[in-house]
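What the coordinates show
One-letter residues, chain by chain:
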Amino acid sequence: DAATAYLGRKIERERGSRKIKLTQTLMTQELVAKYNMEDCKTKATPLSPSIKLSAEEGDPLDTYKFPYSQLVGSLMYIAVCTRPDISYSVGALARYMAKPTTVHWQAAKGVLRYLAGTADFGITFGSTTDGLIGYCDADYAGDTDTRRSTTGYMFLMGGGAVSWSSKRQQTIAASTTEAEYMAAAAAVKEALWLRNLLADFNIQITPVTLFADNQSAIKLLRNPISSLRSKHIDVIHHFARERVMKGDVMFSYIRTDDMLADMLTKALAGPKHYACCKGIGVGT
């Protein structure tokens, strides 16, 4: 009957989820073992907020003895596939592929120490029945070498992360408002793509709700005005405002303490990091 068929589908989904999670756990454990860090002292966060990476910190690294690029590449694969909680740290480390230093190597091993303690972490879905919800954030001038800001966005469905990005912005923002506005534009692009993808599965979502924690950026998105604060912003980012006016996306304010995309723009302390992990469905 229908109840039996539903139960059968649910069991199959759970079996599939367990297989995926087991594969992800084994992959993480193999990476930790490859660098002989199975018995290392674990860390609570992938990157400490007190560490400010730069090109000038530390001595040049002997990349023949210490395969920095190989390690960061492996970490990047895990970050893209199943572990958004390390995305910011890996993105920051990837900026120094050309000329890594001993400080960068120690920071990369710090991410391994974090993974060693959280190898069984994965994305869990089903905690809520919410549709597509997005969060976007920016860390103003966070890159100490170029003073560029970092864009981070996160999209959830059913209580779990389905799309995320942590990326240094291509141009230097002149203010926090501009950095947040540029992050919103990137999030809108992803929201529209995800909405079209879901439409192929007969799931209609209009508008897509996006949360931001900068009031000034939200005002710029909602109101078609030009001011000294916004007139210099590249036209390419203003399409986000147009999409808001069309009703394709809707921006709402959220407190910084509740901003789940915060983990994609900066290194966080332990309590906030794990709060974000819980919010996006990452855990055991």
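Bear in mind that the values here come from a model prediction, so they are computed numbers and not experimental data.

If you look at the biggest cluster of nonpolar residues, it comprises 46 residues, and the most contacted ones within it are Tyr68, Leu75, Ile86, Leu93, Leu112, Tyr135 and Ile280. Contributing elements (two or more residues each) for this core: α1 (2-34), α2 (68-81), α3 (87-94), α4 (102-117), β2 (133-139), β3 (150-157), β4 (160-168) and α8 (270-279). Here the element with the most residues in this core is α4; it accounts for 7 residues. If sequence neighbours within four positions are ignored, Ile86 has contacts with Pro46, Leu75, Ile78, Ala79, Val111, Tyr114 and Leu115.

Before going further, it helps to examine helix α6 (residues 215-222). Note on helix geometry: an α-helix contains 3.6 residues per turn, so any two residues three or four positions apart are oriented the same way. Every buried residue belonging to α6 is among Ala217, Ile218, Leu220 and Leu221, and all of these are buried. Angular distribution of buried residues about the axis of α6 spans 160 degrees; they occupy a single face of the element. The secondary structure elements touched by the buried residues of α6 are α5 (176-200), β5 (208-212), α7 (239-246) and β6 (249-253). Measuring from the backbone nitrogen of Ser216 back to the side-chain oxygen at the start of α6 gives 3.2 Å, which picks out Asn214 as the cap.

This paragraph deals with the sheet that holds β3. An order of β4-β3-β2-β5-β6 is seen for the 5 strands of this open sheet, with the pairing classed as mixed. Across the chains shown, the open sheet's two edge strands, defined by having one partner strand only, are β4 and β6. Mean inter-strand twist for the sheet, computed between neighbouring axes without regard to direction, equals 20 degrees. Of the strands in this sheet, β5 and β6 are in contact with α6, which crosses β6 at around 150 degrees.

This next bit is on the packing of aromatic side chains. In total, this model carries 5 aromatic pairs according to the counting rule given. Ring centres of Tyr35 and Trp105 lie 6.5 Å apart, and the angle between their planes is 65 degrees; on these two criteria the pair is classed as edge-to-face. One end of the pair, Tyr35, is in the loop between α1 and α2; the other, Trp105, is in helix α4, with 70 residues separating them in the sequence. The exposure class of Tyr35 is buried, given its relative accessible area of 14%.

Residues of the protein chain with pLDDT of at least 70 account for 87%, and the chain-wide mean is 89. Taken element by element, the protein chain is modelled with least confidence in α1, mean pLDDT 64, and with most confidence in α3, mean pLDDT 98.

With that settled, the discussion passes to the pattern of salt bridges. A pair can form between side chains of opposite charge whenever their charged atoms are brought close. Inspection of every chain in the model, using the stated rule, returns 11 salt bridges. In this structure, the salt-bridge partner of Arg83 is Asp85, at a minimum N-O distance of 2.8 Å. For the pair Arg83 and Asp85, one class covers both residues: buried. When salt bridges that share partners are traced, they join Asp137, Asp262, Lys266 and Lys272 into one network.

So, about α3. Of all 8 residues that make up α3, 6 are buried, and the element is covered over most of its length. Looking at α3, one finds that the buried residues are Ser87, Tyr88, Ser89, Val90, Ala92 and Leu93. In this fold, the buried residues of α3 make contact with α2, α4, β3 and β4.

What follows covers the pairing of β3. Of all 8 residues making up β3, 7 are buried, and the element is well covered by its neighbours. Sheet topology note: the β2/β3 ladder contains 7 bridges and is antiparallel. Residue pairing in the sheet places Asp139 in a bridge with Thr150 of β3.

What counts and how
- Residues numbered from 1 in each chain as written.
- Predicted model: local features only at pLDDT ≥ 70, side-chain atom pairs only at ≥ 80, totals over all residues.
- Heavy atoms only, no water.
- Core = buried A, V, L, I, M, F, W, Y, C linked by side-chain atoms within 4.5 Å.
- Buried < 20%, exposed > 50% of the residue type's maximum accessible area, 1.4 Å probe, protein only.
- Helix = DSSP H or I, 4+ residues; strand = E, 2+ residues; numbered from the N terminus.
- Contact = heavy atoms within 4.5 Å.
- Arc of directions from axis to C-beta.
- Polar contact = N/O pair within 3.5 Å; in protein donor to acceptor, adjacent residues only side chain to side chain.
- Pairing = 2+ DSSP bridges.
- Axes fitted to C-alpha atoms, helices over the stretch in contact; angles between N-to-C directions.
- Phe/Tyr/Trp six-rings, centres within 6.5 Å; stacked < 30°, edge-to-face > 60°.
- pLDDT = per-residue confidence, 0-100.
- Salt bridge = Lys/Arg side-chain N within 4 Å of Asp/Glu carboxyl O.

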